[in-house]
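The chain contents come next:
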Amino acid sequence: DKKKAAKEKPTASKQKKSVQVIDAKRGMNGGIILARIKIEFPDLAGMVTEMDCGKLDDTQLKALREFLPTKDERLAIEGYVKGASSSQKTREAAIHDFCLCEKYMFAMMKVDSADEKFECMLFKYQFDNKLNELMDGVTTLISACEEVQKSVRLRKLMAMILMLGNQINTGGSGTMAQGFTLDALLKLDEAKAFDKKTSVLQYLVKLVKANEPDLLKVH
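In this report, the structure presented in the accompanying data block is examined.

Parameters at a glance
Residues numbered from 1 in each chain as written. Predicted model: local features only at pLDDT ≥ 70, side-chain atom pairs only at ≥ 80, totals over all residues. Heavy atoms only, no water. Axes fitted to C-alpha atoms, helices over the stretch in contact; angles between N-to-C directions. Helix = DSSP H or I, 4+ residues; strand = E, 2+ residues; numbered from the N terminus. Parallel < 35°, antiparallel > 145°, perpendicular 65-115°, else oblique. Contact = heavy atoms within 4.5 Å. Core = buried A, V, L, I, M, F, W, Y, C linked by side-chain atoms within 4.5 Å. Buried < 20%, exposed > 50% of the residue type's maximum accessible area, 1.4 Å probe, protein only.

1. Quick word on the packing of helix α3 (residues 41-49) against helix α8 (residues 114-150)
Running from amino to carboxyl end, α3 crosses α8 at an angle of 70 degrees, the nearest separation of the two axes being 9 Å. Here α3 lies roughly perpendicular to α8, going by the angle between them. On α8, the residues touching Met-47, Val-48 and Thr-49 of α3 are Ala-114, Lys-117, Phe-118 and Met-121.

In structure tokens:
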């Protein structure tokens, strides 16, 4: 048994290890992620070419996009394959010796505009969710606009603000303003009323309490 083990040991030490063309850490991180995606790389390249997400989710698509080969990685992989391609057999052997991440990169190198296609795939996958999020906001905005248009209390309050503004600006005589812009409402707390101490907003609240207390429930 010892002799048999001694004979087998040199054989094991001579086993060929995977080639490491790209950065070792990047290759290891990519390998961990790619091992979870049970799709052959040529098939995966075909899906990207057709911009077909299949059963891939957005997290997987982002991960796959992250490990597309950079310019330097592409040159390194191409250079290695070219240098080992004295025949079809040696070319296939060279590709076989790549680590998992390098095999993925090599497959993706055959896809034109792979990064842009991944971006389109992500947009396609996320479109419905983003649309629903936007539509929720749009629905809320439409509802708020309808409430503003239908509110009788708000109209009365705006009329009182206009009347008060005209009294302050003209003293009740002269040309009266027919309306005001919404940004003027922000200045009610800055402008002073008749006594030069109380703000117009404070005076307005007193006015509403005395004459139309129900308008304080405008919300």
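Structure shown, so let's carry the discussion forward.
2. Overview of the nonpolar core
In this structure, Leu-44, Leu-64, Ile-77, Tyr-104, Met-108 and Phe-118 are the most contacted members of the largest nonpolar core, which totals 31 residues. Those elements that place two or more of their residues in this core are α3, α4 (58-66), α5 (71-83), α7 (100-108) and α8. Looking at which element gives the most residues to this core, the answer is α7, with six residues. Excluding its chain neighbours within four sequence positions, the residues that come into contact with Phe-118 are Val-48, Leu-61, Leu-64, Arg-65, Leu-68, Tyr-104 and Met-108. Grouped together as the second largest cluster of nonpolar side chains are ten residues, Met-160, Leu-164, Val-208 and Leu-215 included.

3. What to know about the environment of Ala-24
As for its position among the elements, Ala-24 is in helix α2 (residues 24-34). Exposure remark for Ala-24: the relative accessible area of 48% places this residue in the partly exposed category. Along the sequence, Ala-24 and Cys-101 sit 77 residues apart, while their C-alpha atoms lie 10.0 Å from each other.

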